[in-house]
Amino acid sequence: STGDKFGESVSVSKNVIVVGAPYNNADERVDKGAAYPFVRTDENVWVDDGKLTSIENNIRGDTCFGSDIISLGNSLFITCPPAEIAGRPQGAIYV
């Protein structure tokens, strides 16, 4: 939806594009955030390859997963800058 801010962050690496939607209501949590990978096929067509969200159950809903996305080699780094983990405010980076 328009409030998800889909495209606020984008990372391109060879045949993979990952698009952040940090205000996506994922896993029944408001503004938990998500990242969407797209893979280029041999026919040069970009195909949706699922939806990534944080797996933490103890993170508040408004973590904004996907605020920044960086591809480096074969690794993908996705941030949750305002994450609150176990009741303590702190950021998080998922690899």
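Residues numbered from 1 in each chain as written. Predicted model: local features only at pLDDT ≥ 70, side-chain atom pairs only at ≥ 80, totals over all residues. Heavy atoms only, no water.

(A) Representation of the environment of Ser54. Among the structural elements, Ser54 can be located in the loop between strand E4 (46-48) and strand E5 (69-72). Residue Ser54 is classed as buried on the basis of its relative accessible area, which comes to 2%. Each C-alpha atom of the pair Ser54 and Ala92 lies 9.7 Å from the other, and the pair is 38 residues apart in sequence. The contacts of Ser54, once residues within four sequence positions are left out, are Asp27, Lys32, Phe65 and Tyr94. (Helix = DSSP H or I, 4+ residues; strand = E, 2+ residues; numbered from the N terminus. Buried < 20%, exposed > 50% of the residue type's maximum accessible area, 1.4 Å probe, protein only. Contact = heavy atoms within 4.5 Å.)

(B) Here's a closer look at the sheet that holds strand E3 (residues 34-40). Taken in spatial order, the 4 strands make up an open sheet running E1-E2-E3-E4, and their pairing is antiparallel. Pairing within the sheet leaves two strands with one partner each, and these edge strands are strand E1 (9-13) and E4. Here the average twist between neighbouring strands, direction ignored, is 25°. In terms of strand pairing, strand E2 (residues 16-21) meets E3 through 6 bridges, oriented antiparallel. Residue pairing for E3: Ile17 is matched across the bridge by Phe38. (Pairing = 2+ DSSP bridges. Axes fitted to C-alpha atoms, helices over the stretch in contact; angles between N-to-C directions.)

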